[in-house]
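Fold and geometry: a report
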Amino acid sequence: MFVLTEFKDTVQILPHKFKKKLNEAITNELNRKLANKVFYKVGLCIALHDITHISESFIVPGDGSSHTKVNFRFVVFRPFIDEVIVGRIRSCDSEGVHVTLGFFEDIIIKPENLKQNSTFDQAEQAWVWQYVQEDGDVTELYMDIGEPIRFRVCKEIFTEALTVNPSAKKDSDEKKETTPYAPPYMLEGDIDATGLGLLSWWANV
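Predicted model only: the values in this text are computed from it and were never measured.

The next thing to look at is the UniProt feature "domain: RNA polymerase Rpb7-like N-terminal" (unreviewed entry) in the chain. According to UniProt, the feature "domain: RNA polymerase Rpb7-like N-terminal" (unreviewed entry) maps to residues 8-64 in the numbering used here. Between the end C-alpha atoms of residues 8-64 there is a gap of 22 Å, over a span that is 23% helix and 44% strand.

Together, Phe2, Ile46 and Phe103 make up a nonpolar patch on the protein surface, roughly 250 Å² of accessible area in all. Structurally, Phe103 is set in the loop between strand S6 (96-100) and strand S7 (107-109). The class of Phe103 is partly exposed, set by a relative accessible area of 37%.

Bringing unusual backbone geometry into the picture now. Keep in mind that most residues, glycine aside, have a negative phi and that most peptide bonds are trans. Positive phi, normally seen in glycine, also occurs at Lys41, with a value near 65°. By the element assignment, Lys41 lies in the loop between strand S2 (38-39) and strand S3 (43-59). Since its relative accessible area comes to 48%, Lys41 is described here as partly exposed. For Asn117, which is not a glycine, the phi torsion comes out positive at approximately 70°. Its location among the elements puts Asn117 in the loop between S7 and strand S8 (118-121). The exposure class of Asn117 is exposed, given its relative accessible area of 51%.

Here the focus is the side chain of Lys115. By secondary structure assignment, the location of Lys115 is in the loop between S7 and S8. The buried charged residue Lys115 lacks any salt bridge, with Asp192 as its nearest oppositely charged partner at 5.3 Å. At 3.1 Å, the side chain of Lys115 and the backbone oxygen of Ile191 are in polar contact. Beyond its immediate stretch of four places on either side in the chain, Lys115 contacts Trp129, Ile191, Asp192, Ala193, Thr194, Leu196, Trp201 and Trp202.

Next up on the list: the nonpolar core. Core analysis: the biggest nonpolar cluster contains 26 residues, and Val97, Ile109, Met143, Phe151 and Ile191 have the highest contact counts within it. Taken together, the elements giving at least two residues each to this core come down to strand S5 (84-93), S6, S7, strand S9 (126-132), strand S11 (148-158) and strand S12 (185-190). In terms of residue count, S11 provides more of this core than any other element does, four residues in total. Ignoring any residue separated from it by four or fewer positions in sequence, one finds Met143 in contact with Ile89, Cys92, Val97, Leu114, Ser118, Ala126, Trp127, Trp129, Ile191, Leu198 and Trp201. Ile13, Ile26, Val70 and Val76 belong to the second-largest nonpolar core, a separate cluster that totals 13 residues.

Under the domain assignment, the chain is made up of domain 1 (2-77) and domain 2 (83-202). The C-alpha centroid of domain 2 is placed 34 Å from the C-alpha centroid of domain 1. The partner domain 2 presents nine residues to the ten residues of domain 1 that form the contact. For the pair domain 1 and domain 2, the summed buried surface comes to about 780 Å²; carbon and sulfur atoms form 86% of the total. When the buried surface of domain 1 facing domain 2 is broken down by residue, Val38, Tyr40 and Phe77 rank first, second and third, together holding 65% of it. Linking domain 1 with domain 2 are zero salt bridges, by the criterion used here. Viewed at the interface, domain 2 and domain 1 are joined by zero residue pairs in polar contact (both at pLDDT 80 or more). Breaking the side of domain 1 that touches domain 2 down by element, the ones donating at least two residues are S2 and S3. In terms of residue count, the dominant contributor to the side of domain 1 that touches domain 2 is S3 (three residues). Grouping the amino acids of the side of domain 1 that touches domain 2 by side-chain chemistry returns eight nonpolar, one polar and one charged.

Analysis parameters
- Residues numbered from 1 in each chain as written.
- Predicted model: local features only at pLDDT ≥ 70, side-chain atom pairs only at ≥ 80, totals over all residues.
- Heavy atoms only, no water.
- UniProt positions renumbered as here; feature names shortened; annotations may be inferred.
- Helix = DSSP H or I, 4+ residues; strand = E, 2+ residues; numbered from the N terminus.
- Patch = residues over 30% accessible without salt bridge, like charges linked within 9 Å, V, L, I, M, F, W, Y side chains within 5 Å.
- Areas by Shrake-Rupley, 256 points an atom, 1.4 Å probe, with all protein chains shown as cover.
- Salt bridge = Lys/Arg side-chain N within 4 Å of Asp/Glu carboxyl O.
- Buried < 20%, exposed > 50% of the residue type's maximum accessible area, 1.4 Å probe, protein only.
- Lys, Arg positive; Asp, Glu negative; His and termini not counted.
- Polar contact = N/O pair within 3.5 Å; in protein donor to acceptor, adjacent residues only side chain to side chain.
- Contact = heavy atoms within 4.5 Å.
- Core = buried A, V, L, I, M, F, W, Y, C linked by side-chain atoms within 4.5 Å.
- Domains from an automatic or database assignment.
- Buried area = accessible area lost by both parts, 1.4 Å probe.
- Nonpolar A, V, L, I, M, F, W, Y, C, P; charged D, E, K, R; others polar.

What follows is the structure in structure tokens.
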């Protein structure tokens with residue numbers, strides 16, 4: 001679920017932070033700059049793991065800040081395909097079941113990846129698995145908000161942010177009104193297998 005990823009960057013330390021030790025100042029700045037940020041085809045940055053190399057600091061003429069080139073490793077959230085994860089149901093709608101991990105919420109289990117014989121209850125705003133027992137009786141198992149759910153990662157989607165020309169800002173704003181929001185990083189899950197789905201379904205198995 002979490003991987004260590006190597007980065008290189010030039011860290012700017014403002015003059016009023018010079019009283020701090022260099023390592024501490026760099027650590028704080030890297031966490032402030034990168035934590036909770038998604039990098040395309042890399043994943044969601046969580047926290048700095050360690051600094052592997054610090055070059056000499058330099059000051060640019062006309063700028064009182066120090067600039068230091070550093071190599072470091074960051075903890076990144078990027079599950080591998082087929083990895084099984086436990087989250088909680090955040091909401092349900094006709095598009096599927098939306099899952100949260102607490103720190104990451106852009107997870108969806110689409111209708112085709114739910115249990116077979118699953119239907120959406122419009123009144124309850126919840127998906128229902130019509131579980132057929134061995135004797136033929138049908139039990140309705142609701143996927144309620146807040147319930148722990150075990151799912152398999154079946155797809156990841158990165159959306160690359162586009163740079164907008166300032167002269168085209170008006171047209172861009174008009175497009176935003178009609179274009180649905182796409183998160184920079186999204187996961188699709190699957191629960192159509194034994195042992196997957198709400199934890200309560202398998203508690204007595």
